[in-house]
Amino acid sequence: MKLIQTVDAEGTVLCHDITQIIKGVTKDAVFRKGHVVTKEDIPVLLSVGKDQLYVWEKEEGMLHENEGARLLCSLCQGSYMESSRPKEGKIELTAGCDGLFKVNHRGLRAVNTLGQMMIATRHGNFPVKKGDKLAGTRIIPLVIEAEKMEAAEKAAMEATGGKPILDLLPFVHKRVGIVTTGNEVYYKRIEDTFTPVIMEKLGEFDTEVISHVTWNDDDKKVTASILEMIGQGADVVICTGGMSVDPDDKTPLAIRNTGARIVSYGAPVLPGAMFLLAYYEVKEEGGSRTAVIMGLPGCVMYAKRTIFDLVLPRVMADDEVTAGELAALGQGGLCLSCPVCTYPNCGFGKGM
C-alpha cells in the first residue's frame, strides 16, 4: 500500500472505501475498496476531499482480488453460462439457456476448504431458466497469493477430472409415449385422471407425445406397447399405474420383460417410493440411442410434487440417473406437503 496524489491515481486500485457525505442526501461509499480508478473518477474523489489516496502497490506473487476472481470463475464456469464483470473480488454466473444445473460437489468442496476464496451455488440437478442466477464466486481479501490460486486450480482439476465445477445441460426435445394401465380405467369404471397430470408436467418441457394407449392389467400387452413406442421413435416411455406389490399390479414385470436395464425399482422418496427407472438400448442403422422407461406410482396422480418432479428434468437434459443418485435422495426426500407449495424453493429433493 502506498500514498499517492489523487490527480495521479488513474489506473490504480483503492485500498479502502471512499465515503461521500451530502447532508440530507447520502452518506455512503462512493467508491469501494478494490475499485480501479478511472480518469472520470478523479474529480469525484477531489470533491469528497481526497487529495491523496492509499492505493494498492503491485507485489510479486500477489494478485488483486479481481484478478483472483477471474481465475476462480474460470474454475467454475461451464457451458451455457454467462459471467458478470468482477466487482470487489466477486463474480456472478447466470444461465444462458433453460436447462439442468449441475454441481460437482467434490470440486466445490476442494476449493471452499482452501480459505480466502468461496463459491456459493444453488442446488444442482434442478431446472433453471435463462437469466437465473447460478452461483457467486468471491476472493475474500483485497490481494491473494498467486500460489493460493494455483493450489485452488490444482485441487479443482483433481476433483473434477479437469472439468468445470459447474455445468448447465440444455433441455432437448423429447418424443414421449404413455402407457396407462389398470382394469378400472380400461373398462371405464373410473375416469383416467392420471394421464392429464403427466401431460401437464410434460408441458413444462419441449416434449411431443407420439402415442398413448390404455391397457388392462395384462403385462404382455404393456410390454408390447412399450417396445412398439420405442420402435416408433419414442425417447421416453411413461407407464402409469400398477406399480405396487399387489398380485394384479404387473407394470414392473412388463418393464422388465422389455429387456431394459433396470436402474431401480423403488426410491427413498415420499411421495414416490414405488418408482421404477430403466434404460433401453436401441440399435439403429448408423448407431444407437437410449430410451428411458419410467414406471410411475399412483401418488404422482394426486400429490403436488413427487419423485417424478426430481427425475423428469434430468431425463429431459439427457442426464443419466444412477442407482446411487436415487439412493442419495433419502436425505431431503420427504415432502412435507406444505399447505402452500413453494417447490423448488424448499428442501424437497435437496440432499447432501
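Anyway, here's the lowdown on the structure attached to this text. Remember, it's a predicted structure, so these values are computed and weren't measured experimentally. (Residues numbered from 1 in each chain as written. Predicted model: local features only at pLDDT ≥ 70, side-chain atom pairs only at ≥ 80, totals over all residues. Heavy atoms only, no water.)

### Topic: the packing of helix α3 (residues 105-112) against helix α4 (residues 146-160)
Right, so step 1: Remark: α3 packs on α4, axes separated minimally by 8 Å, with the N-to-C direction vectors making an angle of 160°. In terms of their interaxial angle, α3 and α4 are classed as roughly antiparallel. In this structure, the crossing between α3 and α4 has a hand that is right-handed. For the pair formed by α3 and α4, the contact residues are Arg 106, Gly 107, Ala 110 and Val 111 on the first element and Ala 152, Ala 155, Ala 156, Glu 158, Ala 159 and Thr 160 on the second.
Right, so step 2: When its residues are assigned to classes, the contact of α3 with α4 shows six nonpolar, two polar and two charged. (Axes fitted to C-alpha atoms, helices over the stretch in contact; angles between N-to-C directions. Helix = DSSP H or I, 4+ residues; strand = E, 2+ residues; numbered from the N terminus. Parallel < 35°, antiparallel > 145°, perpendicular 65-115°, else oblique. Left-handed = near helix turned anticlockwise from the far one by under 90°. Contact = heavy atoms within 4.5 Å. Nonpolar A, V, L, I, M, F, W, Y, C, P; charged D, E, K, R; others polar.)

### Considerations on the nonpolar core
Right, so step 1: Within the largest apolar cluster, 32 residues are counted, with the highest numbers of intra-cluster contacts made by Ile 198, Ile 238, Leu 277, Met 294 and Leu 296.
Right, so step 2: Elements with a contribution of two residues or more to this core: β14 (174-181), α6 (194-202), β16 (236-240), β18 (276-284), β19 (287-296), α9 (299-302) and α10 (307-316).
Right, so step 3: A total of seven residues in this core trace back to one element, the largest contributor, which is α10.
Right, so step 4: Those residues in contact with Met 294 that lie beyond four places of it in its chain are Val 236, Val 237, Ile 238, Cys 239, Ile 255, Phe 275, Leu 276, Leu 277, Phe 308, Val 311, Leu 312 and Val 315.
Right, so step 5: Residues Met 81, Val 103, Met 117 and Ala 135 belong to the second largest nonpolar core, which totals 29 residues. (Core = buried A, V, L, I, M, F, W, Y, C linked by side-chain atoms within 4.5 Å. Buried < 20%, exposed > 50% of the residue type's maximum accessible area, 1.4 Å probe, protein only.)

### Comments concerning the pairing of strand β7 (residues 90-95)
Right, so step 1: Side chains Ile 91, Leu 93 and Ala 95 of β7 all project onto a buried face; the interleaved residues Lys 90, Glu 92 and Thr 94 project onto a face where none is buried.
Right, so step 2: Pairing between strand β6 (residues 81-83) and β7: three bridges, direction antiparallel. Residue pairing for β7: Glu 82 is matched across the bridge by Thr 94.
Right, so step 3: Pairing analysis gives five bridges linking β7 to strand β11 (residues 133-139), with the strands arranged antiparallel. Residue pairing for β11: Glu 92 is matched across the bridge by Gly 136. (Pairing = 2+ DSSP bridges.)

### Here we look at the side chain of Lys 350
Right, so step 1: Tracing the chain through its elements places Lys 350 in the segment after α11 (323-327).
Right, so step 2: The side chain of Lys 350 sits in the buried core without any salt bridge; Asp 309 is the nearest counter-charge, 12 Å away.
Right, so step 3: With residues near it in sequence (within four places) discarded, Lys 350 still touches His 123, Phe 126, Gln 331, Gly 332 and Pro 344. (Lys, Arg positive; Asp, Glu negative; His and termini not counted. Salt bridge = Lys/Arg side-chain N within 4 Å of Asp/Glu carboxyl O.)

### Looking at the environment of Leu 329
Right, so step 1: Tracing the chain through its elements places Leu 329 in the segment after α11.
Right, so step 2: Spatially, the C-alpha atom of Leu 329 lies 6.7 Å from that of Val 269, the residues being 60 residues apart in sequence.
Right, so step 3: The residues contacting Leu 329, other than those within four sequence positions of it, are Pro 268, Val 269, Ile 307, Leu 310 and Gly 349.

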